[in-house]
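Chain by chain, the residues:
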Amino acid sequence: MRVVYFLLRFALGCVFLAAAWDKIVDPLAFAKIVRNYQILPELLVGGVAQVLPWIEVVVGMCLITGLFPRGASFSATLMMAVFLAAMAWAKHKGISTQCGCFTTKADDAISARTFLRDGSILALALLVAVDSFLRAKRA
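Quick summary incoming for the structure in this document. Computed from a predicted model, the values in this text were never measured in an experiment.

1. Remarks on the environment of Val57
Relative to the helices and strands, Val57 is located in helix H3 (residues 42-65). A C-alpha to C-alpha distance of 8.4 Å links Val57 and Gly13, two positions 44 residues apart in sequence. Non-local contacts of Val57, meaning those with residues more than four positions away in its chain, are made with Leu17, Ala20 and Ile24.

2. Notes on the layout of surface pockets
Of the volumes computed, that of the largest pocket is approximately 420 Å³. Around the largest pocket, the lining is made up of 24 residues, and of these Phe30, Tyr37, Leu52, Phe83 and Ala86 lie nearest the centre. Only helix H1 (2-25), helix H2 (27-36), H3, helix H4 (69-93) and helix H5 (112-138) provide two or more residues apiece to the lining of the largest pocket. The element contributing the most residues to the lining of the largest pocket is H4, with five residues.

3. Overview of the packing of aromatic side chains
Each pair of aromatic rings is reported with the distance of its centres and the angle of its planes. Going through the model one piece at a time under the given rule, you end up with one aromatic pair. With 5.8 Å between their ring centres and 35° between their planes, Phe6 and Phe10 make a pair best called tilted. In this pair, Phe6 and Phe10 both sit in helix H1, four residues apart, roughly one turn of the helix. By relative accessible area, which is 37% here, Phe6 ends up partly exposed. The ring of Phe83 is capped by Lys23, whose NZ or CZ atom sits 5.8 Å from the centre of that ring.

Parameters at a glance
Residues numbered from 1 in each chain as written. Predicted model: local features only at pLDDT ≥ 70, side-chain atom pairs only at ≥ 80, totals over all residues. Heavy atoms only, no water. Helix = DSSP H or I, 4+ residues; strand = E, 2+ residues; numbered from the N terminus. Contact = heavy atoms within 4.5 Å. 1 Å grid on protein atoms, 1.4 Å probe; cavity = no way out; pocket = protein on both sides within 12 Å on 5 of 7 lines; lining within 4 Å. Points joined across faces, edges and corners; volume = space filled by probe spheres on them. Phe/Tyr/Trp six-rings, centres within 6.5 Å; stacked < 30°, edge-to-face > 60°. Buried < 20%, exposed > 50% of the residue type's maximum accessible area, 1.4 Å probe, protein only. Lys NZ or Arg CZ within 6 Å of the ring centre and 35° of its normal.

Below you can see the structure in the form of structure tokens.
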């Protein structure tokens, strides 16, 4: 089971690193996506667009290395829940925008596919978080 847990944690970490890449490379495009969601006040859009990808990098690296596994897996779970809630908000409001999950390109619009993908990542994050908390209890 330790190998399975490691592989799941490693895979989740890689997902977060992959998700951060395009946002770091093109923060202006990511800021536009964040703005399109119409959730944050304009004053916060730029800061969130610059900081969020680096939080994803830190969480991803912690998951990969096993450093602070409970905090990293809890953070991953929380972020995925917030990302899904933001997509649901946009869909509910009839806002047509890119997901902004893995790319800042226009070819990743919010859709059933993005909900399924991000929901699956949330399930993985939750599984890793539960396992890391149970491991800490046993230790």
